[in-house]
Amino acid sequence: MFREYKFDVKSVIKSSNVLQIAFTSAALYAQQQASLYPYVVPYISMATDTPNRNFIRKEQSSFAWDWGPCFEPQGIWRSIYILGYSTPTITSMTSQTFLIQNKDFDVRIATFINVPNGATQ
């Protein structure tokens, strides 16, 4: 449900900037996406009829299920900020541990690195 976006904005940054975010109705967006499909995608009508909700990325409890209101919420979840850097940066790491024999293990680590355009190192 929660998304994170990162963009290289170095070419448009000025000494003073305004970050503007526009939202659209999730229900209207779902309707528009459904109309673009070459065939009808079926959906289940629940206590509150929210057609085409399978075209938007939201948890199903946002659509009321069999109790409560249907809000279809959206908005900013965490802080928003502009972060600038010119060198490669580790963005995340994952690891997996595999048992080889008795007490021996194999650990595999994946590192995800963001390398900005024009990075020097």
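Figured I'd write up the structure that's included with this text. Bear in mind the structure is a predicted one, so any value in this text is a computation, not a measurement.

### Concerning helix H1 (residues 26-36)
No. 1: Within H1, burial applies to Ala-26, Ala-30 and Ala-34. In an axial view of H1, the angular spread of the buried residues amounts to 75 degrees, which keeps them on one side of the axis. For H1, the exposed residues lying more than 90 degrees away from the buried face are Ser-35 and Leu-36.

### With respect to the packing of aromatic side chains
No. 1: Tallied over the entire structure, the rule returns two aromatic pairs.
No. 2: Ring centres of Tyr-37 and Tyr-39 lie 5.5 Å apart, and the angle between their planes is 75 degrees; this geometry places the pair in the edge-to-face category.
No. 3: The partly exposed category is assigned to Tyr-37, whose relative accessible area is 40%.
No. 4: Its relative accessible area of 53% is what places Tyr-39 among the exposed residues.

### Structural notes on the nonpolar core
No. 1: Counting residues in hydrophobic clusters, the biggest one holds six residues: Ala-26, Ala-30, Ala-34, Phe-55, Ile-56 and Phe-63.
No. 2: Not counting chain neighbours up to four residues away, the residues in contact with Ala-34 comprise Asn-52 and Phe-55.

### Concerning the pattern of salt bridges
No. 1: All chains considered together, the criterion is met by one salt bridge.
No. 2: For the salt bridge of Arg-108 with Asp-106, the shortest nitrogen-to-oxygen distance reads 3.1 Å.

### So, the pairing of strand S2 (residues 104-114)
No. 1: Sheet analysis places strand S1 (residues 89-101) next to S2, joined by 11 bridges and oriented antiparallel. When the sheet's bridge partners are listed, Gln-101 is paired in S2 with Asp-104.
No. 2: Linking two consecutive strands that pair antiparallel, namely S1 and S2, is a turn of two residues; a positive phi of about 40 degrees is found at Asn-102 within it.

### Describing a nonpolar patch on the surface
No. 1: A contiguous nonpolar surface patch, about 840 Å² in accessible area, is contributed by Ile-90, Met-93, Leu-99, Phe-105, Val-107, Ile-109, Ile-113 and Val-115.
No. 2: If you list the elements that add at least two residues to the nonpolar patch, you get S1 and S2.
No. 3: The element best represented in the nonpolar patch is S2, accounting for four residues.
No. 4: As for its placement among the helices and strands, Ile-109 is situated in strand S2.

### A short note on the side chain of Asn-52
No. 1: Along the chain, Asn-52 turns up in the loop between H1 and S1.
No. 2: Looking at Asn-52, the relative accessible area reads 15%, which means it is buried.
No. 3: Those residues in contact with Asn-52 that lie beyond four places of it in its chain are Ala-30, Gln-31, Ala-34 and Tyr-43.

The rules we used
- Residues numbered from 1 in each chain as written.
- Predicted model: local features only at pLDDT ≥ 70, side-chain atom pairs only at ≥ 80, totals over all residues.
- Heavy atoms only, no water.
- Buried < 20%, exposed > 50% of the residue type's maximum accessible area, 1.4 Å probe, protein only.
- Helix = DSSP H or I, 4+ residues; strand = E, 2+ residues; numbered from the N terminus.
- Arc of directions from axis to C-beta.
- Phe/Tyr/Trp six-rings, centres within 6.5 Å; stacked < 30°, edge-to-face > 60°.
- Core = buried A, V, L, I, M, F, W, Y, C linked by side-chain atoms within 4.5 Å.
- Contact = heavy atoms within 4.5 Å.
- Salt bridge = Lys/Arg side-chain N within 4 Å of Asp/Glu carboxyl O.
- Pairing = 2+ DSSP bridges.
- Patch = residues over 30% accessible without salt bridge, like charges linked within 9 Å, V, L, I, M, F, W, Y side chains within 5 Å.
- Areas by Shrake-Rupley, 256 points an atom, 1.4 Å probe, with all protein chains shown as cover.

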